[in-house]
Amino acid sequence: MTDDDSSPPRSPSSLDAESDRLAWRLAVDAAGVGAFVWDLVSGDLRFDGRLLELFGLDEDGFGGTIEAFNRCVHPDDIGRVSDALQRAIATCGDYDAEYRVVRPDGTVRWIEARGHAFADRPDGQPVRLVGAAYDTTEVREGEARVGRVLESMSSAFFQLDRQWRFTYVNSEAERLLGSSRVHLVGASIWEAFPAAAGGPFEEHYRAAVASGEPVTFEPYYPPPLDAWYEVRAWPSPEGLAVYFVDISARRDAQEALDRSAHRLALLASVSEALTATLDPTEGVSRLATSLVPELADWCLVTLVEDPHATDWRRGLRDVGWSHRDPAMEDTLRDYATRRLRAMTDSSYLAQAIREMTPVLLSSSATEAVAAVLEPGAARDLLRQLAPFSAAVVPLRARGRTVGVVSAFRDIHRTPFTADDVALLEDIGARAALALDNARLYESQRDVSEALQRSMLTPPPHREGLQVVTRYTPAGEAARIGGDWYDAFLQGDGASTAPDIVVVVGHDVEAAAAMGQVRGLLRGIAVHSGDAPAAILSGLDTVMQSLQLETTATAVVARIEQVHSPGEGSAGALLRWSHAGHPPALLVDPRGTVTRLADADANDLLLGFDPAVDRHEGVVALEAGATLVLYTDGLVERRDRDIEDGIVALEHLLAEVAPSTSDLDQLCDRLLGAMASEEQEDDVALLVVRWAPDAA
């Protein structure tokens, strides 16, 4: 500015006001905002240039009236816009509307309008309505696209505002929630779904809003929805966005898979428990404990010992029971000892055996079972046990009923179902086979052991000799014919010491062969009066002649009583011969142990070569000397070879034989120290002591 400038200077305040107006104008232009004024007295409606541009009009083409405006508004929106204008005029308040306009070229745009009605004096009637509007088409189209995506989603979705009110619900959410969006939008979630309050839904929703972090959880909503959901919730400034899907079918499938896995595990456990023993009574006890508490609160297992008994009760025996409450075990035991005698012919146990089908009592089991019991102690004990549901399942194997499982649940547990009965039947089938196998084994073992022992004759009585024998069969199976012993008087009156024969093989065929070999050896020895080596040679010859297809090991020893000339007392000689058998052991009174066979003196097994030379040894016996003959089952086992076992036996004999006068005690000590707990082979043991002065 120069000295001759005559224009007045501008004040800073006027410059700031002009800048503010310019900034406002630029902001309005940048936002695309147009203005309008509606003179309510004259009816004139004026649009500025920006608003005319939004409507696709020019000043000449716009009529300047409310009617001209209404002709531009989409027919579907005219009523809503008119109502908003009338409310603003009636209240001299704010105007707020979003609507569509149809431009002259046919295109449709969305307009967001805001305004206010003004009076010319306080408490007067409004005389004009002033406002602004801007284009929201792009926002609307974006929302429409989002809406289309949300509506096409397979997941349910809803939006909650900060007051927990529904602001949007898609169609899948309507379906899963069983309510339309008309009823839900604007409603509080806690009022619309009261079961969501105070549970995992409210806990996780509030946690997400408070932390600003999304959450994922799988809650259950009770009836009427009665479903499991996988829920993902994202917090936002507007509230909470929730996506969820119904996973009830998946949960059911998983639970079914878990039940199936549990069922298979239980079946495997029962099978393992039952096959681990060949004792039927122990197997029944294991079955009872396997079912409680997995499938039942208590149960009884009954063996059908004689299905053809005149009185069906006499053919049954309760041999296994278990209760989950230890305090009730005695009550259950008393009930088990009394219930069979108290049962009537219409009892459920009799029904299961007679019809060979399971019986299911899904409720009121106490009264139902009590009704088929005679009045008395058994009925009183049943009422103390108080079952609510029951399943009685026959155990069938090889076409016959071998037992019955009676399982019970109390009132606090889910009653038995058809699925539970099916599981009990599967378990019963396995248990029945295991029990039947155990019974067959027990029967075979008894017969086999009786056959075996029938060939183990008691030792003879002879003055000056103490003879004690032991035979223990293998613990695994009915192994008969493996080991045996024999002691008899030879025909000339001399006492032939025990001969022990081991036949290769442990089955019924071996027993038959062993019986033949034993009989031949006895006959040859008694008839011929030969010494041990000659007896074994004769046995070789006869075995070949009779074509016995077997081999055997044996040791034959003979104690010969002799009189010294001119002396009143008698002495004794021990004569022996080995055929591939573990060496006999001779212990003198001082505890010195001598092997009666070594590698050179232990000849070939019987049954290979009748021409083989048989060697014989002889030694004079001291008074108090002890002869020990045994089979390999005593000295050989998995964790010890036969030589180590013989050495251990020698050490044991040296320690205990001189101090043990009772041969029965000596045999028991030898078996206790040398035999394993799970014996895998038969053991035959024969101990002879020369005691000429003993009674």
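Residues numbered from 1 in each chain as written. Predicted model: local features only at pLDDT ≥ 70, side-chain atom pairs only at ≥ 80, totals over all residues. Heavy atoms only, no water.

## Details of the overall build of the chain
Within the chain, the secondary structure is distributed over 21 helices and 27 strands. Residues classed as buried in the chain amount to 45% of the 695 residues present. Nonlocal contacts in the chain, meaning residues at least 24 apart in sequence, comprise 60% of its contacts between residues at least 6 apart. Here the chain displays about 35100 Å² of accessible surface, and carbon together with sulfur accounts for 52% of that area. (Helix = DSSP H or I, 4+ residues; strand = E, 2+ residues; numbered from the N terminus. Buried < 20%, exposed > 50% of the residue type's maximum accessible area, 1.4 Å probe, protein only. Contact = heavy atoms within 4.5 Å. Areas by Shrake-Rupley, 256 points an atom, 1.4 Å probe, with all protein chains shown as cover.)

## Section: helix α20 (residues 642-656)
Taking 1.5 Å as the rise per residue, α20 with 15 residues should run 21 Å; its terminal C-alpha atoms sit 21 Å apart, in good agreement. When we look at burial in α20, the residues that qualify are G645, I646, L649, E650, L652, L653 and V656. Of the surrounding secondary structure, the elements contacted by the buried residues of α20 are β22 (585-587), β23 (593-595), β26 (626-630), α19 (632-635) and α21 (663-674). (Expected span 1.5 Å × (residues − 1).)

## Brief notes about the sheet that holds strand β27 (residues 683-690)
Taken together, five strands build an open sheet; the order of strands is β17-β27-β26-β22-β23 and the sheet is antiparallel. Every interior strand has two partners, whereas the edge strands, β17 (465-472) and β23, have only one. The average angle at which neighbouring strand axes cross in this sheet is 15°, direction not considered. Sheet analysis places β22 next to β26, joined by three bridges and oriented antiparallel. Bridge assignment links V587 to a residue of β26, and that residue is T626. (Pairing = 2+ DSSP bridges. Axes fitted to C-alpha atoms, helices over the stretch in contact; angles between N-to-C directions.)

## Remarks on the confidence of the model for the chain
For the chain, the average pLDDT comes to 82, and 81% of its residues sit at 70 or higher. In the predicted structure, residues 1-8 sits below a pLDDT of 50 and forms zero contacts with residues beyond four places in sequence or in another chain. Below a pLDDT of 50 lies the segment residues 10-15, which in the model reaches one contact outside its immediate sequence neighbourhood of four places, other chains included. (pLDDT = per-residue confidence, 0-100.)

## Structural notes on the packing of aromatic side chains
Evaluated as defined, the whole model comprises 23 aromatic pairs. Here a set of aromatic residues connected by ring pairs shows up, and it is made of F158, W164, F166, W190, F193, F201, Y205, F217, Y221, Y229 and F244. The ring of W228 carries R251 above its face, with NZ or CZ at 3.6 Å from the centroid. Here the basic side chain of R409 rests over the ring of F416, its NZ or CZ set 4.1 Å away from the ring centre. (Phe/Tyr/Trp six-rings, centres within 6.5 Å; stacked < 30°, edge-to-face > 60°. Lys NZ or Arg CZ within 6 Å of the ring centre and 35° of its normal.)

## Description of the environment of F69
Here F69 is to be found in helix α3 (residues 66-72). Apart from the residues within four sequence positions on either side, F69 is in contact with L45, F47, F55, F62, V81, L85 and Y99.

## Some words on the sheet that holds strand β13 (residues 316-323)
Strand order in the open sheet made by the five strands is β13-β12-β16-β15-β14, with antiparallel pairing throughout. Edge positions in the open sheet fall to β13 and β14 (359-361), since each of these has one partner strand only. Taken pair by pair, the neighbouring strands of this sheet meet at an average axis angle of 15°, ignoring direction. Strand contacts of helix α12 (residues 329-342): β12 (298-304), β13 and β16 (400-409), with the helix running at about 165° to β13, the strand carrying the most contacts.

## Here we look at the nonpolar core
In terms of nonpolar packing, the biggest core is built from 30 residues, with W298, Y335 and Y348 touching the most fellow members. Where this core is concerned, the elements lending two or more residues are β12, α12, α13 (348-355), β14, α14 (365-370), α15 (377-385), β15 (389-397) and β16. Looking at this core, the element that brings in the most residues is α12, giving five residues. Not counting chain neighbours up to four residues away, the residues in contact with W298 comprise V292, S322, H323, L332, Y335, L382, L385, P387, S406, A407 and F408. Core analysis: the next-biggest nonpolar cluster, separate from the first, contains 29 residues, F47, L51, F69 and C72 among them. (Core = buried A, V, L, I, M, F, W, Y, C linked by side-chain atoms within 4.5 Å.)

## Concerning α13
Taken together, the buried positions of α13 are occupied by Y348, L349, A350 and A352. M356 lies just past α13 and shows a positive phi near 55°.

## Describing the pattern of salt bridges
Where side chains of opposite charge bring their charged atoms close, a pairing between them can arise. All chains considered together, the criterion is met by 34 salt bridges. Note that E53 is salt-bridged to R50, the shortest N-O span being 3.7 Å. Linking E53 with R50, this pair stays in helix α2 (residues 49-55), spanning three residues, or about one helical turn. Overall, R50 belongs to the partly exposed group, its relative accessible area being 28%. Here R114 makes a salt bridge to D96, at a shortest N to O gap of 2.3 Å. One end of the pair, R114, is in strand β4 (residues 108-119); the other, D96, is in strand β3 (residues 94-102), and 18 residues separate them in sequence. (Salt bridge = Lys/Arg side-chain N within 4 Å of Asp/Glu carboxyl O.)

## Examining the side chain of T136
Relative to the helices and strands, T136 resides in the loop between β5 (126-135) and α5 (137-152). Residue T136 is classed as buried on the basis of its relative accessible area of 7%. A distance of 2.9 Å separates polar atoms of two side chains, one belonging to T136 and the other to E98. Beyond its immediate chain neighbours, meaning those up to four positions away, T136 contacts E98, W110, I111 and E112. (Polar contact = N/O pair within 3.5 Å; in protein donor to acceptor, adjacent residues only side chain to side chain.)

## Let's talk about the packing of α12 against α15
It is at 8 Å that the axes of α12 and α15 come closest, and there the two elements cross at 135°. Classified by the angle between their axes, α12 and α15 sit oblique to one another. Seen from above, α12 lies across α15 with left-handed handedness. Between α12 and α15, the contacting residues are T331, L332, D334, Y335, R338, R339 and A342 on the first element and A377, A378, L381, L382, Q384 and L385 on the second. A per-class count over the contact of α12 with α15 returns eight nonpolar, two polar and three charged. (Parallel < 35°, antiparallel > 145°, perpendicular 65-115°, else oblique. Left-handed = near helix turned anticlockwise from the far one by under 90°. Nonpolar A, V, L, I, M, F, W, Y, C, P; charged D, E, K, R; others polar.)

## Side note on the environment of W234
Checked against the element boundaries, W234 lands in strand β10 (residues 227-236). Each C-alpha atom, one on W234 and one on V215, is 6.9 Å from the other, the two residues being 19 residues apart in sequence. With residues near it in sequence (within four places) discarded, W234 still touches P214, G239, L240, A241 and Y243.

## A word on unusual backbone geometry
P223 connects to P224 through a cis peptide bond whose omega is 15°. Following V292, the chain continues to P293 via a peptide bond in cis, the omega torsion being 0°. By the secondary structure assignment, P293 is in the loop between α11 (280-291) and β12. Even without being a glycine, M356 presents a positive backbone phi close to 55°. Even without being a glycine, S364 presents a positive backbone phi close to 55°. For S364, a relative accessible area of 46% puts it in the partly exposed group.

## Thoughts on the side chain of R614
Relative to the helices and strands, R614 resides in the loop between β24 (602-603) and β25 (617-620). A polar contact of 2.5 Å, which involves the side chain of R614, links it to the side chain of D540. Of note is the side chain of R614, whose polar atom sits 2.5 Å from the backbone oxygen of L604. When sequence neighbours within four positions are dropped, the list of residues in contact with R614 reads A533, L536, S537, D540, S577, H578, A579, D603, L604, L605 and L606.

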